[in-house]
Amino acid sequence: GSGNISHEEFMKGFTFVNEPLRAKSLIKLQERLGLDLRSLETNVSGTLEARVEQVEKLIAAPLRKVHAITEQMQTLDVHFSGLRNNLRDHGAAMPSREEVRGVEARLTAKMAKILRRLKEIERAAAAGPV
């Protein structure tokens, strides 16, 4: 309801409370409670379904992006495994420490960028629909 009770509702409730306890009174109470519980269940279910739909809409696009990134990473893994095998087969020299540090720095910068972007997506998801 509205959260307010009318004078008429108050008087009905007051009369009901002051009636002697009988089977008829208990049946009325059971019926009223049953109706209230069904109404509450309907309201809660509707609200929950609406929230779930909002969350699904909110995360659908980011999940598609994550899926695309995952597929790209799997493709890269396949390509790099072939490259790794070719390098091993051809006896390629080990990279120097400076080369390894350079690669590590570039990868660290890229990972930091990815993590920043994921945090932005999480903040947008937590903020709710625009």
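On a predicted model such as this, the values are computed, not experimentally measured, just so you know.

The rules behind the values
- Residues numbered from 1 in each chain as written.
- Predicted model: local features only at pLDDT ≥ 70, side-chain atom pairs only at ≥ 80, totals over all residues.
- Heavy atoms only, no water.
- Helix = DSSP H or I, 4+ residues; strand = E, 2+ residues; numbered from the N terminus.
- Buried < 20%, exposed > 50% of the residue type's maximum accessible area, 1.4 Å probe, protein only.
- Areas by Shrake-Rupley, 256 points an atom, 1.4 Å probe, with all protein chains shown as cover.
- Lys, Arg positive; Asp, Glu negative; His and termini not counted.
- Charge placed at Lys NZ, Arg CZ, Asp CG, Glu CD.
- Bend = angle between axes of the 7 residues up to and from the residue.
- Contact = heavy atoms within 4.5 Å.
- Patch = residues over 30% accessible without salt bridge, like charges linked within 9 Å, V, L, I, M, F, W, Y side chains within 5 Å.
- Salt bridge = Lys/Arg side-chain N within 4 Å of Asp/Glu carboxyl O.
- pLDDT = per-residue confidence, 0-100.
- Polar contact = N/O pair within 3.5 Å; in protein donor to acceptor, adjacent residues only side chain to side chain.

> So what about the overall build of the protein? Which residues, and what values?
A tally of regular secondary structure across the protein gives three helices and zero strands. Secondary structure elements of the protein, listed N to C terminal, follow the sequence α-α-α. C-alpha extents for the protein along the principal axes are approximately 95 × 25 × 20 Å. Every one of the 130 residues in the protein was classed for burial, and the buried ones make up 4%. Approximately 12,100 Å² of the protein is accessible, and the part contributed by carbon and sulfur atoms is 62%. When the 21 positive and 17 negative side-chain charges of the protein are each reduced to one mean point, those points stand 4 Å apart.

> I'd love a proper account of helix H2 (residues 23-89), names of residues and values included.
At Ala-60, H2 shows its largest kink, close to 40 degrees, and the proline Pro-62 lies no more than four residues downstream. Contact partners of the buried residues in H2: helix H1 (7-18) and helix H3 (97-127).

> An account of a positive patch on the surface is needed here, citing residue identities and associated values.
Taken together, Lys-12, Arg-22, Lys-24, Lys-28 and Arg-32 make up a surface patch of like positive charges. It is H2 that provides the largest number of residues to the positive patch, a total of three residues. Within the element layout of this structure, Arg-22 appears in the loop between H1 and H2.

> Mind laying out the confidence of the model for the protein, listing which residues take part and the relevant values?
Of the residues in the protein, 96% have a pLDDT of 70 or more, and the chain-wide mean is 87. Looking over the protein, one finds the lowest element-wise mean pLDDT in H1, namely 80, and the highest in H3, namely 93.

> Help me get a handle on a nonpolar patch on the surface, residues and values and all.
Taken together, Val-66, Met-111, Ile-114, Leu-115 and Leu-118 make up a surface patch of nonpolar side chains, about 430 Å² in accessible area. Met-111 gets classed as partly exposed once you look at its relative accessible area, which sits at 47%.

> I'd love a proper account of the environment of Thr-47, names of residues and values included.
Note that Thr-47 resides in helix H2. Taking the C-alpha atoms as reference, Thr-47 lies 34 Å from Thr-70; in sequence the two are 23 residues apart. A polar contact is formed between the side chain of Thr-47 and the backbone oxygen of Asn-43, at a distance of 2.9 Å.

> Tell me about the pattern of salt bridges, residues and numbers included.
Two side chains that carry opposite charge are able to pair once their charged atoms sit near each other. In the structure shown here, the tally under the stated rule is one salt bridge. Arg-117 serves as the salt-bridge partner of Glu-120, at 3.1 Å between the closest nitrogen and oxygen. Remark: Arg-117 and Glu-120 occur in helix H3; sequence separation between them is three residues, near one turn of the helix. Residue classification places Glu-120 among the partly exposed residues on the basis of a relative accessible area of 38%. Arg-117 sits in the partly exposed class, given a relative accessible area of 40%.

> So, the environment of Asn-43: which residues are in play, and what are the values?
Structurally, Asn-43 is set in helix H2. Given a relative accessible area of 49%, Asn-43 falls into the partly exposed group. In the structure, Asn-43 is positioned 16 residues away from Ile-59 in sequence and 24 Å away in space, judged by C-alpha atoms.

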